[in-house]
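Next come the chains, spelled out residue by residue.
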Amino acid sequence: HKEPPPGAEAYIPQRYPDNRIVSSKYTFWNFIPKNLFEQFRRIANFYFLVIFLVQLIIDTPTSPVTSGLPLFFVITVTAIKQGYEDWLRHKADCSINECPVDVVQQGKVVRTQSHKLRVGDIVVVKEDETFPCDLILLSSSRPDGTCYVTTTSLDGESSHKTYYAIPDTMAFRTEQEVDSLHATIECEQPQPDLYKFVGRINIYKDKEEPVARPLGAENLLLRGATLKNTQHIYAVAVYTGMETKMALNYQSKSQKRSAVEKSMNAFLIVYLCILISKAVINTVLKYAWQWSPDRDEPWYNHRTEHERQRHVVIRAFTDFLAFMVLFNYIIPVSMYVTVEMQKFLGSYFISWDEEMFDEELGEGAQVNTSDLNEELGQVEYVFTDKTGTLTENNMEFIECCVDGNVYIPHAICNGQILSAASSIDMIDASPGGYRRDLFFRALCLCHTVQVKEEETVDGIKKGIHQGRPTSFYISSSPDEVALVEGMKRLGYTYLRLKDNYMEILNKDDEIERFELLHVLNFDSVRRRMSVIVKSSSGDYLLFCKGADSSIFPRVVSGKVEQVKARVEQNAVEGLRTLCVAYRRLSQSEYQEACHYLMEAKLALQDREQRLAQAYDIIERNFVLLGATAVEDRLQEKAADTIESLHKAGMKVWVLTGDKMETAAATCYASKLFRRTTQILELTKKRTEEQSLHDVLFELNRTVLRQLCDALEIFLEICRNCSAVLCCRMAPLQKAQIVKLIKASKEHPITLAIGDGANDVSMILEAHVGIGIMGKEGRQAARNSDYAIPKFKHLKKMLLVHGHYYYIRIAELVQYFFYKNVCFIFPQFLYQFFCGFSQQPLYDTAYLTLYNISFTSLPILLYSLVEQHVSMDTLKREPSLYRDIAKNSLLRWPVFLYWTCLGVFDAVVFFFGAYFLFDNTTFTSNGQMFGNWTFGTLIFTVLVFTVTLKLALDTHHWTWINHFVIWGSLLFYVIFSLLWGGIIWPFLNYQRMYYVFMQMLSSGPAWLSIILLITVSLLPDVIKKVLCRAMCPTATERAQSTRPCLTVEPSTIFMLSQSSSRMSF
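Residues numbered from 1 in each chain as written. Predicted model: local features only at pLDDT ≥ 70, side-chain atom pairs only at ≥ 80, totals over all residues. Heavy atoms only, no water.

- The protein appears in an unreviewed UniProt entry as Phospholipid-transporting ATPase from Neolamprologus brichardi.
- Note on the protein: under the UniProt heading Cofactor (unreviewed entry), the record states "Mg(2+)".
- UniProt lists a comment for the protein under the heading Sequence similarities (unreviewed entry), and it reads "Belongs to the cation transport ATPase (P-type) (TC 3.A.3) family. Type IV subfamily." (UniProt positions renumbered as here; feature names shortened; annotations may be inferred.)

Here's what the structure looks like:
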């Protein structure tokens, strides 16, 4: 009930949020202002807005259309793209918020929408439904008040977990009973830790004192988890909407910007400074030139009275702005349009890639944002999840070893190859029968597996169909299912748990019954679990299974050495190993154990510590029986992919919620760790007494928050390791580790890849986030920048697509600045020869169309199809990726080279044409060339030079390249002939009339065009030839030869957030 019953303590109502989830960025009302604000934060957009306004306000040499039109186009295209992406997010939110939910109101079940849920509502959830918010379990359709849940979309674990109802309410079966409940719940404020919850429920019964019951994480059902193997449950809402643990674990989706875009902005600032300095120099020189009266006001250009009366400062400022407008083409606005188009069109190459299509899923790679394509070519750190990303999340029982004898179902027994039928007979004949049978029984009893007898689960048919009802096992741990199924194949079948009796079908087809007395649950500090059972003969048996490191120290007898050797051998092969031990309890020992356990379970304070102490006392003096080996298969080609990423110079970190041994085994299997490498473990004191989460948060506080020096040392060690493994990570901690590396001194480019909702935070935090379309829902794929079907596709994504995207866009950016320097620097030089009168060198049509038509298509096409090295070479030689690392093609020296080349070419164009004109070139009929012919000659040389420069840089020629490059030059010639060859009625004056034809009719003009193009291109060609001959890069060598690759020695660092040794 929302209000406490009378007589309760003072109660201050708290305001709770509704159950709405919001992941979108814009609303209908704020889209235009917010989007425009974000776009004008881009330096180029803001600059062009200012220039456009200046052109509108003052009398400038060029038309406002030349700046306004491209700017409007860029802003509109970007706004449409971002609006569409956000609309998709709105749709996803709507579908979640409008989900139907069953709520108990006045003793009846009422169907409502998810967003209408409020704290205190009692909700009915049926099997296979997802919990709509964080709920406290009141009662379940199961008689023992438990329910089974999968938290796949939260922490990536697809196994079944058991949750418990409050003892006082677990008997409620009907809506009326649940609705009659009078209680208040006190709990902590919302916080993101998925595994921690502290609360208390006070239940009021007729006039009696309220009964207080503790609430823990085992009573809290989290939003996003799914109810399994339980018909229905009743639960009360405690956290809703953005206060649920799932929402608190999501990072907000910030705007990611690539390193290339940052470089572009830096270059723009440099060019802005060049532009301002040009305008200042010209303004100062104009007034120096006009100092003498005859130059200030020549006889043919008298000023008006209004112009004479204007203050000199205002005149100078107006002139400065006019020069700014004249030279503003040095800042290429069309570069942003071209970059946007290149990214958008280029992203289709990933979607179209047939090698990245998965037949099983029937899907290929997806691109959710095209802004980061080139970032795929700059990755230095790869953060990957383990379960479901590196592995398939499918456990398979491989073998067991009892007293040194190895049993492999349906395969080999003590070195003999067997058929499926004879394997059980062979087991009978092997030595040590009693201990072996005890081992098999131990594995059939020591677990928390449930048996489900049904045709389907999650829509997938399971079990063996032979005309009889099928049964299959479900558990909170896939390992346990694999072990029980392994025993079934070895002749011991676990049948069911009924009325607290566990039933086993032994190899003689006899049913054995054991009474289940106590379960000592697994926890990641002890790293073992135990059961106490009573056999039909009245013996009390304690069976225990766990990690070798937690079992061996507690063993007093058994063939320890043989088993230890086998366990080590299996671990080396990357198998997950468990040891099994037992102890016979006398009546008095059993009574003592019961006393310890009951005392600990009833404690309200420090319950976990007391239970840990009780377990520690009970789980001692074991007899070792044997060990098991289970395999979590690696994804296909996962090891090959990791090896390639290493050779490409990337550091691979595995961030997993799994325990350390398992994660380490996977790392060995996937070749992330090698046998020869030195392993560093960052460990803390043994933490037998402490619970996992106390340690985890203590670690957070001490290592990650206060000790900056320790943080520096930690980062320094990690950066020098070739691989790092971090275990027991909560979703938000994965993101914190990524953030830590992002913020380090070098600011490396990071990539995060995962398949579950527990990976969403790190995917959003990293520079590039990649989601795998796995078994664990689609949250990761939805929130990522790119989604791929399998981990193996990461290799092509980075080494081929990323490589190509980066070299293409790097050339695009540098080429744009280069061609605009070539374009505008002659205009600057021309001012020295026209009295700084702001006279344009080129015609308005040429000024407007240079970047839009004459030179834009060749570079756009180059940036889409260029392949400087073949795809096969890039896949075969991952080390070529190192050539483009750390933004190498957009560094300042390279930028300076392109700028100097542009200035050199501009000087050649201008002074070449100037000296050819110096002795007054005449046409064949004796006419002299004028200033428009001079400008057109320079413009012709300019267009041909920059286009041919691109042709020289092209390695991969297709018919489209030929068509666009030669077509652009042809278009320029045809346009010039038409523009100057026809009298256009819509023009007030036509200064270009017949200029182009007249220029082409002159022999010296032809000679100068050919000569100047050759001289301009020569330095670049010479530089390329010399560099290739004297110090070729790996890429240049790969274009001609194919060298072998060597593997460097490396060091590995492991970070685990809590095993029994608290190992980092």
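## Comments concerning the environment of Gly 486
Now for step 1: Summarising the element assignment, Gly 486 is placed in helix α15 (residues 478-489).
Now for step 2: Separated by 43 residues in sequence, Gly 486 and Leu 443 have C-alpha atoms that sit 9.4 Å apart. (Helix = DSSP H or I, 4+ residues; strand = E, 2+ residues; numbered from the N terminus.)

## Some words on the UniProt feature "binding site: Mg(2+)" (unreviewed entry) in the protein
Now for step 1: Following the UniProt record, the feature "binding site: Mg(2+)" (unreviewed entry) maps to Asp 385, Thr 387, Asp 755 and Asp 759 here. Spanning 375 residues, the annotated positions come together in the fold, the maximum distance between their C-alpha atoms being 10.9 Å.
Now for step 2: For Asp 755, a relative accessible area of 1% gives the class buried.
Now for step 3: At a separation of 3.3 Å, a polar atom in the side chain of Asp 755 contacts the side chain of Thr 389.
Now for step 4: Assignment of secondary structure puts Asp 759 in the loop between β34 (750-754) and α25 (760-765).
Now for step 5: Among the residues examined, Asp 759 registers a relative accessible area of 0% and is labelled buried. (Buried < 20%, exposed > 50% of the residue type's maximum accessible area, 1.4 Å probe, protein only. Polar contact = N/O pair within 3.5 Å; in protein donor to acceptor, adjacent residues only side chain to side chain.)

## Here's the deal with the packing of helix α7 (residues 259-289) against helix α27 (residues 793-831)
Now for step 1: Where α7 meets α27, the axes come as close as 12 Å, and the angle between the chain directions of the two elements is 5 degrees. The angle between the axes of α7 and α27 places the two elements in the roughly parallel class. Where α7 approaches α27, its residues Val 260, Met 264, Phe 267, Leu 268, Tyr 271, Lys 278, Ile 281 and Asn 282 are matched on the opposing element by Tyr 806, Ile 809, Val 813, Gln 814, Phe 817, Val 821, Ile 824, Phe 825, Phe 828 and Gln 831.
Now for step 2: Split by residue class, the contact of α7 with α27 holds 14 nonpolar, 3 polar and 1 charged. (Axes fitted to C-alpha atoms, helices over the stretch in contact; angles between N-to-C directions. Parallel < 35°, antiparallel > 145°, perpendicular 65-115°, else oblique. Contact = heavy atoms within 4.5 Å. Nonpolar A, V, L, I, M, F, W, Y, C, P; charged D, E, K, R; others polar.)

## Thoughts on a nonpolar patch on the surface
Now for step 1: A contiguous nonpolar patch, built from Phe 73, Val 77, Met 341, Phe 344, Leu 345, Tyr 348 and Trp 352 and spanning about 660 Å² of accessible area, is present on the exposed surface.
Now for step 2: A per-element tally of the nonpolar patch places helix α11 (residues 333-346) first, with 3 residues.
Now for step 3: Positionally, Val 77 belongs in helix α3 (residues 65-97).
Now for step 4: We classify Val 77 as partly exposed; its relative accessible area is 35%. (Patch = residues over 30% accessible without salt bridge, like charges linked within 9 Å, V, L, I, M, F, W, Y side chains within 5 Å. Areas by Shrake-Rupley, 256 points an atom, 1.4 Å probe, with all protein chains shown as cover. Salt bridge = Lys/Arg side-chain N within 4 Å of Asp/Glu carboxyl O.)

## Section: helix α33 (residues 959-981)
Now for step 1: With 23 residues, α33 ought to run about 33 Å at 1.5 Å a step, and its terminal C-alpha atoms sit 31 Å apart, in line with that.
Now for step 2: Buried residues of α33: Asn 961, Val 964, Ile 965, Ser 968, Leu 969, Tyr 972, Phe 975, Ser 976, Trp 979 and Gly 980, and no others.
Now for step 3: For α33, the elements touching its buried residues are α28 (844-854), α29 (856-865), α32 (931-953) and α34 (995-1000). (Expected span 1.5 Å × (residues − 1).)

## Some details on the sheet that holds strand β10 (residues 220-221)
Strands pair in a sheet through their backbones, by hydrogen bonds, and they do so in one of two ways: parallel or antiparallel.
Now for step 1: Read from one edge of the open sheet, 6 strands run β2-β1-β3-β12-β4-β10, paired in antiparallel fashion. Each edge of the open sheet is held by one strand with a lone partner, namely β2 (108-113) and β10.
Now for step 2: Across 3 bridges, the pairing between strand β1 (residues 100-105) and strand β3 (residues 122-126) is antiparallel. Each residue of the ladder has a partner; that of Val 103, found in β3, is Val 123. (Pairing = 2+ DSSP bridges.)

## Digging into the sheet that holds strand β8 (residues 199-203)
Now for step 1: Across the sheet, which stays open at both edges, the 3 strands sit in the order β7-β8-β9 with antiparallel pairing between neighbours. Looking at strand neighbours, the two that pair on one side only are β7 (183-187) and β9 (211-215), the edges of this open sheet. Within this sheet the neighbouring strands show an average axis-to-axis angle of 20 degrees, counted without direction.
Now for step 2: Pairing geometry for β7 and β8, over 5 bridges, is antiparallel. For Cys 187, the partnering residue across the bridge sits in β8 and is Gly 199.

## So, the packing of aromatic side chains
Now for step 1: As enumerated under the stated definition, the model contains 60 aromatic pairs in all.
Now for step 2: Here Phe 833 and Phe 911 contribute two aromatic rings whose centre-to-centre distance is 6.4 Å and whose plane-to-plane angle is 70 degrees, an arrangement assigned as edge-to-face. Here Phe 911 lies in helix α31 (residues 892-918) and Phe 833 lies in the loop between α27 and α28, a separation of 78 residues in the sequence.
Now for step 3: On the basis of relative accessible area, Phe 911 is assigned to the partly exposed category, the value being 26%.
Now for step 4: Through pairs of rings, three or more aromatic residues link up here, namely Tyr 329, Phe 823, Tyr 842, Tyr 846, Tyr 850, Phe 854, Phe 939, Phe 971, Tyr 972, Phe 975, Trp 979 and Phe 996.
Now for step 5: Geometry around Phe 327 places Lys 278 over its ring, the cationic atom sitting 5.7 Å from the centre.
Now for step 6: When the ring centre of Tyr 897 is taken as reference, the NZ or CZ atom of Lys 1023 above it lies at 4.5 Å. (Phe/Tyr/Trp six-rings, centres within 6.5 Å; stacked < 30°, edge-to-face > 60°. Lys NZ or Arg CZ within 6 Å of the ring centre and 35° of its normal.)

## Topic: the packing of α11 against α29
Now for step 1: Running from N to C, α11 and α29 point in directions that differ by 35 degrees, and their axes come no closer than 10 Å. For the element pair α11 and α29, the recorded crossing hand is right-handed. Two secondary-structure elements touch here, α11 through Thr 338, Met 341, Gln 342, Leu 345 and Gly 346 and α29 through Leu 860, Ser 863 and Leu 864.
Now for step 2: Looking at the contact of α11 with α29 residue by residue, the class counts come to 4 nonpolar, 4 polar and no charged. (Left-handed = near helix turned anticlockwise from the far one by under 90°.)

## Topic: unusual backbone geometry
Now for step 1: With a phi close to 65 degrees, Lys 671 is a non-glycine residue in the positive phi region.
Now for step 2: Its relative accessible area of 36% is what places Lys 671 among the partly exposed residues.
Now for step 3: The backbone of Lys 886 shows a phi angle near 55 degrees, a positive value even though the residue is not glycine.
Now for step 4: Inspection of the secondary structure assignment puts Lys 886 in the loop between α30 (871-876) and α31.

## A word on the pairing of strand β30 (residues 622-634)
Now for step 1: The buried fraction of β30 is high, at 10 of 13 residues.
Now for step 2: Pairing between strand β15 (residues 391-402) and β30: 8 bridges, direction antiparallel. Bridged to Glu 399 within β30 is Ala 629.
Now for step 3: Summarising the sheet, strand β28 (residues 555-557) and β30 pair through 2 bridges and their orientation is parallel. Looking across to β30, one finds that Val 555 is bridged to Phe 622.
Now for step 4: Relative to β30, strand β29 (residues 576-585) runs antiparallel, the two being bridged by 7 bridges. Opposite Arg 576, over in β30, you have Val 630 as the bridge partner.

## Overview of the confidence of the model for the protein
Now for step 1: Counting all residues, the mean pLDDT for the protein is 81, and 84% of those residues have values of 70 or more.
Now for step 2: With pLDDT under 50 throughout, residues 412-426 is counted as low confidence; its partners more than four residues away or in other chains account for 23 contacts.
Now for step 3: In this model residues 1056-1064 is a low-confidence stretch, pLDDT under 50, and it forms 53 contacts with partners more than four residues away in sequence or in other chains. (pLDDT = per-residue confidence, 0-100.)

## Remarks on the pattern of salt bridges
Now for step 1: Under the counting rule described, the total for this entry stands at 41 salt bridges.
Now for step 2: Measuring nitrogen to oxygen at the nearest pair gives 3.5 Å for the salt bridge that ties Glu 38 to Lys 25. With Glu 38 in helix α1 (residues 31-40) and Lys 25 in the segment before α1, this pair connects stretches of sequence that are 13 residues apart.
Now for step 3: A salt bridge links Glu 186 to Arg 200, with the nearest nitrogen and oxygen atoms 3.1 Å apart. Of this pair, Glu 186 sits in strand β7 while Arg 200 is found in strand β8, placing the two residues 14 residues apart along the sequence.
Now for step 4: The exposure class of Glu 186 is partly exposed, given its relative accessible area of 37%.
Now for step 5: By sharing partners, the salt bridges in this structure join Asp 353, Glu 355, Lys 796 and Lys 875 into a single network.

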